[in-house]
Amino acid sequence: MKRIISVILCAILMLGVCTSAYAWGESVEDQYNKAIGLLKDSQYSEAAESFSALGGYCDAPRYEMYCKAILAAQDGMYGTAVQNLSSLNGFFDSALLVSYYSALSYETAEEFEKASTLLQEISLFKDSSQRLEKYPELILQRDYRMADQNEQANMLDTALDGFRSLGSYSDSTERVEIILEKINERDYQSALTYEEKSDYENALVIFSALGHYSDSADHVTFVREKINERDYQKAIGYEEQGDYASAYDGFIALGSYMDCVQRAAAVQQRANYAKGIEAISSGAYSEAYEIFGALGDYEDSVEKNYVLGVSNFASLKTVAEGVATFEFHSSYGLVNLNENTMIAPQWESIGKFVDGLAVATKNEMYGVVNLKGEVIMNYVMEDISDYQDGICTVAVENESYSSYRDPFYLYGLMDANGTLLGTPQWEILGDSNNNYSSWASSETPIFTEDRIIVGNENGYGLINRKGEIAVETKYNEIRPISNGLYAVSNGDKWGFMDVDGGIVIPLKYDRVVSFAADGFADVCFQGEWRIIDKEDNLIYFK
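Read on for an overview of the structure. (Residues numbered from 1 in each chain as written. Predicted model: local features only at pLDDT ≥ 70, side-chain atom pairs only at ≥ 80, totals over all residues. Heavy atoms only, no water.)

1. Looking at the overall build of the chain
Operational definition: The way it works is that DSSP assigns letters per residue, a run of H or I at least four long becomes a helix, a run of E at least two long becomes a strand, and they are numbered from the N terminus. A radius of gyration in this sense is built from C-alpha atoms; the matching globule rule multiplies 2.2 Å by the number of residues raised to 0.38. Pairs of residues are marked as contacts when any of their non-hydrogen atoms sit within 4.5 Å.
Secondary structure assignment for the chain yields 16 helices and 25 strands. Relative to the globule expectation of 24 Å for 542 residues, the C-alpha radius of gyration of the chain, 51 Å, shows a markedly less compact shape. Expressed as lengths along the three principal axes of its C-alpha atoms, the size of the chain is roughly 145 × 90 × 45 Å. Of the contacts made within the chain by residues no fewer than 6 positions apart, 35% connect residues no fewer than 24 positions apart.

Structure representation (structure tokens):
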């Protein structure tokens, strides 16, 4: 129904147009031809109005847009003109005009190169050829003006490039010379500033580039001397610090400056010696052997080369700085490259060195040796743990409690001098305990607040780092300290004590969980679980 109404309305509109035309004695076709005539006469405004009055007759709407696009271009609105003409899809000469007006848009923006590319494709259209003839001069004028502006803005390098590209145009050659002088003066002042700040490398680069400008050549000589003097003193500093490799590199880099050749030769052996020491530190013993061999009798190179010779038949294994073990015929020896000593293979095993001490075994018994292979504790222990903070755990067999299959051990502490801290008397010491195997289980002692848990036939207690009893062995069980308190049991009830054995919370609970980091603990009282704080205050029931 809407479509029928629309058709009727269109018919009425056309009838009205025709009636109006006939009333004036002019048909629609006459009006159309008249509009075409106005277009041909370049009366675009009147033509646009005439085509608009024709409504949708024939291709009047496209002619109307065409005329309006040209009017927009005449007003310098090339973007609008190009947009409208592009929408006409090649109607009449709109495609040519799109290229033409796009070129004019570029021309307005002084982008003559882009405008030229477009106009060359339509050189016979309108005044394209005449415009193309003007562009070379316009480009020169534009580039000259831009170069001048860059010079005024003190953008000298950009301005120089601009005037150079202009060749002999106008006074460009003279402007190049003027700008070169300005650049040289600018760079000269910059180089002087670097020189004053002792930034000699940057100063040297600029003065060298300036060539014979002013006294730049003299400054080059002066700055080079400063650099050489500075680097010479730096190389001497390296030599005095014992960094011979850096000193050698420094003197070599200075070439024939002063006595650098002689100094380089003097530190070369020191540099190689340092490389040998570095090879030892990194465990590259074969490399170190070759280096010290080549050094001959320089310092202790002969001794080091002799000690390192063991690497020819056995693999050295680093155990401490400058110290390594080696295995030969199922026995272990020790090489101390700091002392140039070698201990012949005599140990069944050597543990890791901690604080300069290591556990070693001989005849299936444990002892302690230092980095020189000296015996700190004789081989009389069934087991010795690794050291921690100068203390280790030792184990001795209690033959009265041992059976044929199950040895029984007692544990104690020993210091870094091999001195026992009290008599080994504990069946349990920290994590060390009888595991009823053929070997003792002596774990590294871990002290907390200068205390460690011990146990014997009487019960559990605490000792300090001197092996002295801090809390008597009277408890049925002691749990590791947590948040400053030990959970302790008398076999029936649980409570909490401090590091000195003071009962902080009475032994009245059926079961407990150690205090957490937040200062609270779970406890069971008469079958009910609750939470308490470290003052035994009830927090809440669970």
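From this point, things continue past the structure.
2. Digging into helix 10 (residues 172–196)
Rules: The length a helix should cover is 1.5 Å for every residue beyond the first. The rule is simple: take the accessible area with a 1.4 Å probe, protein chains only, and divide by the maximum for that residue type; under 20% is buried, over 50% is exposed, in between is partly exposed.
Helix length check: helix 10, at 25 residues, gives a terminal C-alpha distance of 36 Å against a target of 36 Å (1.5 Å per residue), a fit within 8%. Within the span of helix 10, buried status applies to Ser172, Arg175, Val176, Ile179, Ile183, Tyr188, Ala191, Leu192 and Glu195. Following helix 10 by one or two positions, Ser198 adopts a phi angle in the positive range, close to 65°.

3. A short note on the packing of aromatic side chains
Condition: Aromatic pairs are defined between Phe, Tyr and Trp rings, using the six-membered ring for Trp, whenever the two ring centres lie within 6.5 Å; interplanar angles under 30 degrees are classed as stacked, those over 60 as edge-to-face, and all others as tilted. Working rule: Lys NZ or Arg CZ, within 6 Å of ring centre, within 35 degrees of ring normal, means a charge sits over the ring.
For the structure on display, the rule yields 22 aromatic pairs. Just above the ring of Phe447 sits the side chain of Arg465; from NZ or CZ to the centre is 5.2 Å. The ring of Trp494 has Arg479 sitting right over it, with the charged end atom 4.2 Å from the ring centre.

4. Quick word on the side chain of Glu151
Topologically, Glu151 is positioned in helix 8 (residues 128–152). The contact partners of Glu151, leaving out residues within four places of it in the chain, are Leu156, Ala159, Phe163, Arg175, Ile178, Ile179 and Lys182.

5. Regarding the sheet that holds strand 20 (residues 494–497)
Paired through their backbone hydrogen bonds, the strands of a sheet run either parallel or antiparallel. For the record, the criterion: Only strands joined by at least two bridges in the DSSP assignment are considered to pair.
Reading across from one edge, 18-19-20-21 is the order of the four strands in this open sheet, with antiparallel pairing throughout. Of all the strands in the sheet, the pair left with one neighbour each is strand 18 (477–478) and strand 21 (503–509).

6. Some remarks on the environment of Gly519
Examined against the element boundaries, Gly519 turns out to sit in the loop between strand 22 (511–512) and strand 23 (520–525). Along the chain, Gly519 and Leu156 lie 363 residues apart, while their C-alpha atoms are 73 Å from each other. Not counting residues within four places of it along the chain, the set of residues in contact with Gly519 comprises Asn483, Ile532, Asp533 and Lys534.

7. Digging into a nonpolar patch on the surface
For clarity, the cut-off: Each patch is built from residues that are more than 30% exposed by relative accessible area and take part in no salt bridge. Like charges join if they lie within 9 Å; nonpolar side chains (Val, Leu, Ile, Met, Phe, Trp, Tyr) join within 5 Å. Computed with a 1.4 Å probe, the accessible areas rest on the Shrake-Rupley method; for each residue, only the protein chains presented here act as cover. For this document, the term salt bridge refers to a Lys or Arg side-chain nitrogen within 4 Å of an Asp or Glu carboxyl oxygen.
On the surface, Phe520, Ile539 and Tyr540 cluster together to form a nonpolar patch covering roughly 270 Å² of accessible area. Within the element layout of this structure, Ile539 appears in strand 25 (residues 538–541). Exposure remark for Ile539: the relative accessible area of 37% places this residue in the partly exposed category.

8. Things to note about the sheet that holds strand 6 (residues 357–362)
The four strands are arranged 5-6-7-8 in an open sheet whose pairing can be described as antiparallel. Strand pairing shows two members of the sheet lacking a second neighbour, strand 5 (349–350) and strand 8 (375–381), which therefore form its edges. When strand 6 meets strand 7 (residues 365–370), the two strands line up antiparallel, connected through six bridges. Across the sheet, residue Lys362 finds its bridge partner in strand 7, namely Met365.

9. Considerations on the packing of helix 12 (residues 216–241) against helix 14 (residues 260–281)
Going by this rule: Think of each axis as a best-fit line through the C-alpha atoms, taken over the contacting stretch in the case of a helix, with angles from 0 to 180 degrees between the N-to-C directions. Here is the rule for angles: anything less than 35 degrees is roughly parallel, anything more than 145 is roughly antiparallel, 65 through 115 is roughly perpendicular, and the remaining ranges are oblique. A crossing counts as left-handed when the near helix is turned anticlockwise from the far one by less than a right angle, and as right-handed when that turn is clockwise.
At a minimum axis separation of 12 Å, helix 12 and helix 14 run at an interaxial angle of 25°. What the angle tells us is that helix 12 and helix 14 run roughly parallel. When the axes of helix 12 and helix 14 are compared, the crossing they make is left-handed. On helix 14, the residues that touch Tyr232, Ile236 and Glu239 of helix 12 are Cys260, Arg263, Val267 and Arg270.

10. As for the nonpolar core
For clarity, the threshold we go by: Among buried residues, the Ala, Val, Leu, Ile, Met, Phe, Trp, Tyr and Cys ones that are joined through side-chain atoms within 4.5 Å form a nonpolar core.
Leu39, Phe51, Leu85 and Tyr101 are the most contacted members of the largest nonpolar core, which totals 40 residues. Contributing elements (two or more residues each) for this core: helix 2 (28–40), helix 3 (44–53), helix 4 (60–74), helix 5 (78–86), helix 6 (94–108), helix 7 (112–121) and helix 8. Looking at which element gives the most residues to this core, the answer is helix 4, with eight residues. In contact with Leu85, other than residues within four places in its own chain, are Tyr66, Ala69, Ser94, Leu97, Val98 and Tyr101. By size, the runner-up hydrophobic cluster in this structure holds 18 residues, among which are Tyr298, Val307, Ala324 and Leu337.

11. Some remarks on the side chain of Ser172
For Ser172, the position within the fold is in helix 10. Apart from residues lying up to four places away in sequence, Ser172 is in contact with Tyr144, Phe163, Leu166 and Gly167.

12. Considering the packing of helix 13 (residues 244–253) against helix 14
The cut-off we apply is this: Under the scheme applied here, ten amino acids are nonpolar (Ala, Val, Leu, Ile, Met, Phe, Trp, Tyr, Cys and Pro), four are charged (Asp, Glu, Lys and Arg), and all others, including Gly, are polar.
Orientation of helix 13 relative to helix 14, taken along the N-to-C sense of each, is 155°, at an axis distance of 8 Å. As summarised for this structure, helix 13 and helix 14 are arranged roughly antiparallel, according to the angle between their axes. Of the two elements, helix 13 crosses helix 14, and the hand of that crossing is left-handed. Here Tyr244, Ala245, Ala247, Tyr248, Phe251 and Ile252 of helix 13 come into contact with helix 14, specifically with Cys260, Arg263, Ala264, Val267, Gln268, Arg270 and Ala271. Across the contact of helix 13 with helix 14, the residue classes tally to ten nonpolar, one polar and two charged.

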